[in-house]
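# Chains, contacts and geometry: an overview
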Amino acid sequence: MGRLDGKVALISGGARGQGATEARMFAAEGACVVFGDLLDDEGRQVEAEIRELGGQATYVHLDVTSAADWEAAVNAAVAEYGKLNVLVNNAGIVLGRSIEEMTVAEWDRIFDVNAKGVFLGTKAGLGAMRDADGGSIINISSTAGLVGNDYNLAAYSSTKGAVRLFTKATAVQHASEGIRCNSVHPGPIDTPMLQESRRSRGALSDDEQRRRVPLGRIGRPEDIAYAVIYLASDEASFVTGSEVVIDGGRTAM
């Protein structure tokens, strides 16, 4: 018996990194997984890998800034697997710029993906979850959405703070329909996004990242996926509006 047997999940940003790990682990726990991304070749490869291991997975092209793409992704989940129980708003981008260096276009772009993308995914998924008599929405925020930082991530932090409070509003407004909504706040996790952030001015080296984490290591995508599985499962049936911090103790300092 898997912890997600009988559930249908939709995951954004699932072609690589944390999202791909979530898709693989959801399928291993018995979920039918629809996952989307802009990286179609990589996404189809993940789909093939899951299916080769006996899991049920469908990759769809998904630009999270497009309401039409979100509607198509939700429709694909319902058409392929009959319902939608879980939504993981995982897709995100990082852009390391100081406040003065950042252009208006760059600010708008990161908000479009990281904040508006979560809104559009939630808006698209609520009706299908209502039809399924409830569900679980998990929004991937960041510890950058909880505390300030000193390495040029003001815009990124602002988007993740927006996701944190949007999560709580969603939880309160839809609790009566059996729809739960929680946010997950990773610290430094070894993903392509972390590697991309290292190229920005003021970014921390691996050694400095580890020195700032009491547990002394950078996190793994699996560390996050285990928490997401819990929030998606019936084990978390009394958990909504919460924020789960997974950062090796970093924000406790």
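Starting from 1, residues in each chain are numbered consecutively following that chain's sequence as written. Selection of residues for local features in this predicted model requires a pLDDT of at least 70, selection of side-chain atom pairs for listing and counting requires 80 or more, and totals for whole chains, interfaces and linings are taken over all residues. Neither water nor hydrogens contribute to the side-chain values; these are computed over all heavy atoms in the structure.

The next thing to look at is the sheet that holds strand S6 (residues 179-186). The parallel open sheet is built from seven strands, whose spatial order is S3-S2-S1-S4-S5-S6-S7. The strands lining the two open edges of the sheet, one partner per strand, are strand S3 (56-61) and strand S7 (243-246). Taken over all neighbouring pairs, the strand axes of this sheet differ in orientation by 15° on average, direction set aside. By the convention used here, strands pair only if DSSP detects at least 2 bridges between them. In this text, helices come from DSSP runs of H or I with a minimum length of four residues, and strands from runs of E with a minimum of two, each type numbered from the N-terminal end. Examined bridge by bridge, strand S4 (residues 86-89) and strand S5 (residues 135-140) share four bridges and lie parallel to one another. Each bridged residue has a counterpart across the sheet, and for Asn89 the counterpart in S5 is Asn139. Axes here mean lines fitted to C-alpha atoms, for a helix over just the part in contact, with angles spanning 0 to 180 degrees between N-to-C directions.

The terminal C-alpha atoms of helix H3 (residues 67-81), which comprises 15 residues, lie 21 Å apart, in line with the 21 Å expected from a rise of 1.5 Å per residue. For the exposure calls, accessible area comes from a 1.4 Å probe over protein chains only, and a residue counts as buried if that area is under 20% of its type's maximum, exposed if over 50%, partly exposed in between. What H3 keeps buried is the set Asp69, Trp70, Ala73, Val74, Ala77 and Tyr81. Angular distribution of buried residues about the axis of H3 spans 135°; they occupy a single face of the element. The exposed set on the far side of H3, more than 90 degrees from its buried face, consists of Ala68, Glu71 and Ala79. Looking at the packing, one finds that the buried side of H3 touches strand S1 (8-12), strand S2 (32-37), S3, S4 and helix H4 (104-131). Given a helix with a known number of residues, its expected span is that number minus one, times 1.5 Å. Read the arc as the range of directions from the helix axis to the C-beta atoms. In what follows, residue pairs with any heavy atoms lying within 4.5 Å of each other are defined as contacts.

The next thing to look at is the pattern of salt bridges. Two side chains bearing opposite charge may form a pair once their charged atoms approach each other closely. Any Lys or Arg side-chain nitrogen located within 4 Å of an Asp or Glu carboxyl oxygen qualifies as a salt bridge. Overall, the coordinates contain twelve salt bridges when judged by the stated rule. Between Glu243 and Lys168 there is a salt bridge, and its shortest N-O distance comes to 3.1 Å. With Glu243 in strand S7 and Lys168 in helix H5 (residues 154-174), this pair connects stretches of sequence that are 75 residues apart. A relative accessible area of 24% places Lys168 in the partly exposed class. With a shortest N-O distance of 3.8 Å, Asp223 and Arg220 are connected by a salt bridge. Residue Arg220 is classed as partly exposed on the basis of its relative accessible area, which comes to 43%.

Nonpolar cores are built from buried Ala, Val, Leu, Ile, Met, Phe, Trp, Tyr and Cys residues. Side-chain atoms within 4.5 Å join them into one set. Phe26, Val33, Phe35, Val88, Ile138, Val184 and Val228 are the most contacted members of the largest nonpolar core, which has 31 residues in total. Elements that contribute at least two residues to this core include exactly S1, helix H1 (17-28), S2, helix H2 (40-52), S3, S4, S5 and helix H8 (221-232). Considering every element that reaches this core, the biggest residue donor is H8, with seven residues. Val8, Trp70, Ala171 and Cys181 belong to the second largest nonpolar core, which has 24 residues in total.

Let us now look at the side chain of Asp247. Here Asp247 lies in the segment after S7. This count recognises Lys and Arg as positive and Asp and Glu as negative, with His and chain-terminal groups excluded. Despite its burial, Asp247 remains without a salt bridge, the nearest opposite charge being carried by Arg250 at 6.5 Å. Under this definition, polar contacts are N or O atom pairs within 3.5 Å; protein pairs additionally need one hydrogen-donor-capable and one acceptor-capable atom, and for neighbouring residues in sequence, both atoms have to be side-chain atoms. Within the local environment of Asp247, its side chain forms a polar contact with the backbone nitrogen of Gly249, the two atoms lying 3.0 Å apart.

This brings us to the environment of Ala236. Structurally, the position occupied by Ala236 is in the loop between H8 and S7. When its relative accessible area of 0% is taken as the criterion, Ala236 is described as buried. As a C-alpha pair, Ala236 and Ser136 span 100 residues in sequence and 9.1 Å in three-dimensional space.

With that settled, the discussion passes to unusual backbone geometry. Here Asp133, not a glycine, exhibits a phi torsion of approximately 65°, which is positive. Looking at the element boundaries, Asp133 is found in the loop between H4 and S5. Overall, the relative accessible area of 71% leaves Asp133 in the exposed class.

Looking now at the side chain of Glu106. Structurally, Glu106 is set in helix H4. In contact with Glu106, not counting residues within four places along its chain, are Leu95, Arg97 and Glu101.

For S6, a buried count of eight out of eight residues is recorded, marking the element as mostly surrounded by other parts of the structure. By the alternation rule, side chains of S6 split into Ile179, Cys181, Ser183 and His185 and Arg180, Asn182, Val184 and Pro186, which are all buried. Here six bridges tie S5 to S6, and the two strands are oriented parallel to one another. In the strand pairing of S6, Asn139 is matched with Ser183.

For the rest of this paragraph, the subject is the pairing of S4. Burial along S4 is two-sided: Val86 and Val88 and Leu87 and Asn89, pointing in opposite directions, are all buried. Here S1 pairs with S4 via three bridges, running parallel. In the strand pairing of S4, Leu10 is matched with Leu87.

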